[in-house]
Structures are given as C-alpha cells and as structure tokens.
Amino acid sequence: MFDDLSSKLQSTFKSLSGQSKITELNIAEAVREIRRALLDADVNYEVAREFTKKVKDEALEANVITSVSPGQQFTKIVYDELTSILGQTQEDIRFAATPPTVILICGLQGSGKTTFAGKLGKFLKSKGRNPLLAAADVYRPAAVEQLKTLAGQIEVPVYSIEEKDAVRTAKEALQHAKQNAHDVLIIDTAGRLHVDEKMMKEVAEIKAAVQPNEILFVVDSMTGQDAVNTAKEFDATIDFDGVVLTKLDGDTRGGAALSIRNVVDKPIKFISMGEKVDSLTPFFPDRMAQRILGMGDVVSLVEKAQQEFDEDEAQKLQKKIKSDKFDLEDFYSQIQQIKKMGSLQDLAGMIPGVSQKLKDTEIDDNALVPIEAIISSMTPDERRDPNLLNAGRKRRIANGSGTSVRAVNDLLKQFSQMKKMMKTMTKMGKMGRAMQGLKNLTGK
Ligand SMILES: Nc1nc2c(ncn2[C@@H]2O[C@H](COP(=O)(O)OP(=O)(O)OP(=O)(O)O)[C@@H](O)[C@H]2O)c(=O)[nH]1
Ligand SMILES: [Mg+2]
C-alpha cells in the first residue's frame, strides 16, 4: 500500500539529510518533489497544492533544532501535515443513546459493502455488542446468499424477506432488532455501476424509514479520484457520516485516501484490507501517516527534540527576565510565538488568572502590527540595547516602519515598563507574563 508514494517521499527526505541546514532553496526543491509524488499518487490537485503550501510555510517558520538533522525535521513537518489531511484524530461510530444503533451502508457496485457489513458485524461482536445484519440488497439473487454466508462465518444473524422491497426489509429488520435485543443493526444495500437517481432514491428512502445513527459510504480505494468524485455525489444527496476505504491491501496509489477527507469533509472511519471478514481496522490518521512515511522513529525523535527545545527556550527566557536581559529581540520572537497560537483574545481566555483580569477588555490583534513593524526596522544591536536609539536612529525606524518617532518612543517606554513588571511577575506562567505585557503595550 502506498509503496510508490512512500519511497518517493523518503528519497526527498534523504536528499535533504545531506544538507547541513534547511534553507529556502532546499525547501523549495523538496516541496516540489513532494508535490510531484502526491500528484503521481493520484492525489487531488487542489489537495496536493494546499498540502505543499502548508509544508513549505511550516518549514520556513520552523525553529532550527540542532539535535536533529534538517531531513528529520522536515520529515516531522510532512508527517504532521499528512496526519492533518487524513483527519487528525480517529473518529468512532456514533452509537445511539437508546439502542439499537442503526448503521446504513451505501456505495457503488463492487466497492465492498457486503464484505464490510460482515467485517463490521464481527468487529462489533468482538466489542461485546449483539449485531443484526439486514439484507436490503434485494435485486441481485446472490446478494442475500452472500451476506448469509459471511454472517454464518461470524455467527451473526441476518434479517431478510422474500419480497423484493429494500425499504420494507430495513424497516422490519429494525423491528426485529428491537424485539430481539440486538443493540446494532447493520443494513447492507444494493450498489450500482454509477451514481444514478434510482439508487440514490432508494438509499434516501431507507434513510427516511429507519433514521440511521450512522451512514457509512464504502469506497474502493483502487479507483483513485473517481472514488473522490463519487463520494462527493453521494454526500450531496445522502449526507453520510463517514467513509470506509476498502481494498487498501491492493496496490492502490493512495490518492483517494489522501484526498477524500479534504474534498468531502467527512471522516474516514474504517479501512478494509482484504476479502476475509477479519481484516477491518478503525482508521487512525496518525498511524496511516506513519505508514506512508515509514519513519515512525524519526517522528518521535523530532517530537522529543522539539519538546526539549521548547523547554529550553522557556527556561532561557525566564533566566533573561530574572537577570533583566529580556530585550526587544526576545519580545519580537514572543510575539511571533503568540501569533502562531491564535488570536490574543482567545489566548487570554485560556490563561488562568489572567483570564479574569482581561475578561472585559478588548484585545485588538492589529495592535501588534505597528509594534512588529517598529521592531523589524531596528538593527539587531538596537534590539539588544535600546539605549543606542538616539534621535536620528529613531527617525530612521519611524520612517522604516511607517510610524512616527512618537510611536517608537511609546513602544520603548512601554517596553521598559513591561520588563519591570515581568520581573515582579515571575510567579505567573510564561504566557501569563507575555499576555500581561502585551496588554500594557497595546494600551488597553
Ligand atoms: N482485496 C480486497 N478485496 C475486497 C475487499 N473488500 C471487498 N473485496 C472484494 O471485492 C469484491 C466486491 O465486494 P462486495 O463486498 O461484494 O462488494 P459490494 O459493494 O457489496 O458489491 P455489490 O453488492 O455488487 O454492490 C469481492 O470479491 C470482495 O471479496 C478488501 O478490502 N480487499
Ligand atoms: Mg453487496
């Protein structure tokens, strides 16, 4: 699975690992290769574009961690982004508060619905549930038999009727489940070669009749972008809750898996990797990303290094504040950190203690813009030692930042007040201090 994509991504990382550091140039090169690899894997064009843009931005912004190589650090960035487009976290079936939980299975012909119904039955049974299968594919004579054979293997009963009426089958199966203490009802439906009105109508009717807690759309991952398009069409009519990707054991290039979440905005809930009833796995975005990269060890190495780096930074900062060495350079990097974390107002709300004080004050994110501009216009020496700033330098900075000498003076004055206050506030957390300082600076 994903062999080709995996090896292409890994060779990109290898070419980076020969480099001593991440530069704009080698990032651009690596990102181009990744984009090509994604497109070759049949990933949706828009998704591939968005993906590489995010990876590039992250790589350019990343702190250089000396304990890991650029290739390793870059691998982690790609891993995070892969996890994110795959859906970030695992999403479970939504079980009904009052059983039975009704699960409706839909999808194109041959996508693997019936096989999945069996697998899901077995999976749920192993979790201590008591499922019932409903044979609502009433057209193909062999369909009911196929479900019954599967069900026999997993020792789960099947509800079916003589009459060729899918809606009635589903309705009666629900009654039957209620009467016989089945806490889950899994409804297998008929597929067609293409999305057509009749099939959609039938699934919609079953949906209306039994009001499923969960509608799962089954899609053959071998069909690549067609799978994504079909998912879109189904979703528009049926509004399903989750996707099941089948046939991931085949030599699928991975395009469907990597695009579907993004294009349809519905989570992948299960993956199926084989014809036997025992190969159903809940879908874990992070595990899948690791599999694609084949580099789980690198990812955890960088995570650890990142953590140490952050702690290190926090400690350095604390020391600087205590010894009165916190300068505009540090302040500037704090602003960058804070900006990465979201809006100031939201941030304030998350900090205990500070949140009380700031509750009623409006914090304007734009207030940071002139501050950043002023600090950006300073030379590194000036940032480290604001005493260098004579009238001439201040004028230069005011011009360079599109502000005024007065604004520069205000910033310097407020910064020195903030420094004093920070020293007295060492009891509060790092963010608390920064927030309080920013509040003073923005003058609100
Ligand atoms: N390799 C592999 N084959 C699978 C998987 N899931 C299903 N199949 C096979 O794909 C074929 C179609 O599977 P079904 O479960 O009958 O598909 P369906 O969606 O119910 O098909 P219709 O009822 O005709 O619409 C069968 O030969 C299955 O054995 C899988 O995860 N991996
Ligand atoms: Mg079937």
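(A) Quick peek at the overall build of the chain. The number of helices and strands found in the chain is 20 helices and eight strands. Within the chain, residue pairs in contact and separated by at least 24 positions form 75% of the contacts whose partners lie at least 6 positions apart. Just so you have it, the chain exposes about 21700 Å², and 48% of that area is on carbon and sulfur atoms.

(B) Molecular detail of the site of ligand 1. Around ligand 1, the structure places 19 residues, and the nearest of them are Lys-113, Thr-114, Thr-115, Asp-249 and Ser-272. Between Lys-113 and ligand 1, the recorded distance is 2.8 Å, taken from a side-chain N or O atom to an oxygen atom. Contact between ligand 1 and Thr-115: an oxygen atom at 2.5 Å from a side-chain N or O atom of the residue. Taken by itself ligand 1 offers 650 Å² of open surface, and the protein chains cover 80% of this.

(C) Structural detail: the packing of aromatic side chains. By the definition in use, this model includes six aromatic pairs. A centroid spacing of 4.8 Å and a plane angle of 45 degrees characterise the contact between Phe-217 and Phe-234, whose relative ring orientation is tilted. Linking Phe-217 in strand S5 (residues 214-220) with Phe-234 in helix H9 (residues 225-238), this pair joins segments that are 17 residues apart in sequence. Ring centres of Phe-217 and Phe-240 lie 4.9 Å apart, and the angle between their planes is 10 degrees; this geometry places the pair in the stacked category. Of the two residues, Phe-217 sits in strand S5 while Phe-240 sits in the loop between H9 and strand S6 (242-246), which places them 23 residues apart along the sequence.

(D) Highlighting the sheet that holds strand S2 (residues 131-136). Sheet architecture is open: eight strands sit in the order S3-S2-S4-S1-S5-S6-S7-S8, paired in mixed fashion. Either end of the sheet is taken by a strand with one partner, and the two such strands are strand S3 (158-159) and strand S8 (280-282). Relative to S6, S5 runs parallel, the two sharing five bridges. From the neighbouring strand, Asp-220 faces S6, where its bridge partner is Thr-246. Against the sheet, helix H7 (residues 166-179) contacts strand S1 (101-107), S2, S3 and strand S4 (184-189), and its axis sits at roughly 165 degrees relative to S2. Against the sheet, H9 contacts S1 and S5, and its axis sits at roughly 160 degrees relative to S5.

(E) Up close: helix H3 (residues 45-61). Here H3 contains 17 residues, and its C-alpha end-to-end distance of 25 Å stays within 8% of the 24 Å for a straight helix at 1.5 Å per residue. Taken together, the buried residues of H3 touch helix H2 (24-40), helix H4 (70-86) and helix H10 (255-264). Taking the backbone nitrogen of Glu-46 as reference, a side-chain oxygen 2.9 Å away marks Asn-44 as the first, capping residue of H3.

(F) Spatial organisation of the pairing of S1. The buried fraction of S1 is high, at seven of seven residues. Judged from the five bridges that link them, S1 and S4 form a sheet pairing that is parallel. In the strand pairing of S4, Thr-101 is matched with Val-184.

(G) Region of interest: the packing of H2 against H3. Put simply, H2 and H3 touch, their axes get as near as 9 Å, and they point 155 degrees apart. It follows that H2 is roughly antiparallel to H3 by the angle criterion. Taken as a pair, H2 and H3 cross one another with a handedness that is right-handed. Where H2 approaches H3, its residues Glu-24, Ile-27, Val-31, Ile-34, Arg-35, Leu-38 and Leu-39 are matched on the opposing element by Tyr-45, Ala-48, Arg-49, Phe-51, Thr-52, Val-55, Lys-56, Ala-59 and Leu-60. A class-by-class count of the residues in the contact of H2 with H3 yields 11 nonpolar, one polar and four charged.

(H) Representation of the pattern of salt bridges. This model, assessed by the stated rule, comprises 22 salt bridges. Asp-80 is the salt-bridge partner of Lys-76, the closest N and O atoms lying 2.7 Å from each other. Taken together, the positions of Lys-76 and Asp-80, both in helix H4 and four residues apart, correspond to about one turn of that helix. Residue Lys-76 is classed as buried on the basis of its relative accessible area of 12%. Among the charged side chains, a network of salt bridges with common partners joins Arg-94, Glu-214, Asp-241 and Lys-269.

Parameters at a glance
Residues numbered from 1 in each chain as written. Chains lettered and ligands numbered in written order. Predicted model: local features only at pLDDT ≥ 70, side-chain atom pairs only at ≥ 80, totals over all residues. Heavy atoms only, no water. Helix = DSSP H or I, 4+ residues; strand = E, 2+ residues; numbered from the N terminus. Contact = heavy atoms within 4.5 Å. Areas by Shrake-Rupley, 256 points an atom, 1.4 Å probe, with all protein chains shown as cover. Near = heavy atom within 4 Å. Polar contact = N/O pair within 3.5 Å; in protein donor to acceptor, adjacent residues only side chain to side chain. Phe/Tyr/Trp six-rings, centres within 6.5 Å; stacked < 30°, edge-to-face > 60°. Pairing = 2+ DSSP bridges. Axes fitted to C-alpha atoms, helices over the stretch in contact; angles between N-to-C directions. Expected span 1.5 Å × (residues − 1). Buried < 20%, exposed > 50% of the residue type's maximum accessible area, 1.4 Å probe, protein only. Parallel < 35°, antiparallel > 145°, perpendicular 65-115°, else oblique. Left-handed = near helix turned anticlockwise from the far one by under 90°. Nonpolar A, V, L, I, M, F, W, Y, C, P; charged D, E, K, R; others polar. Salt bridge = Lys/Arg side-chain N within 4 Å of Asp/Glu carboxyl O.

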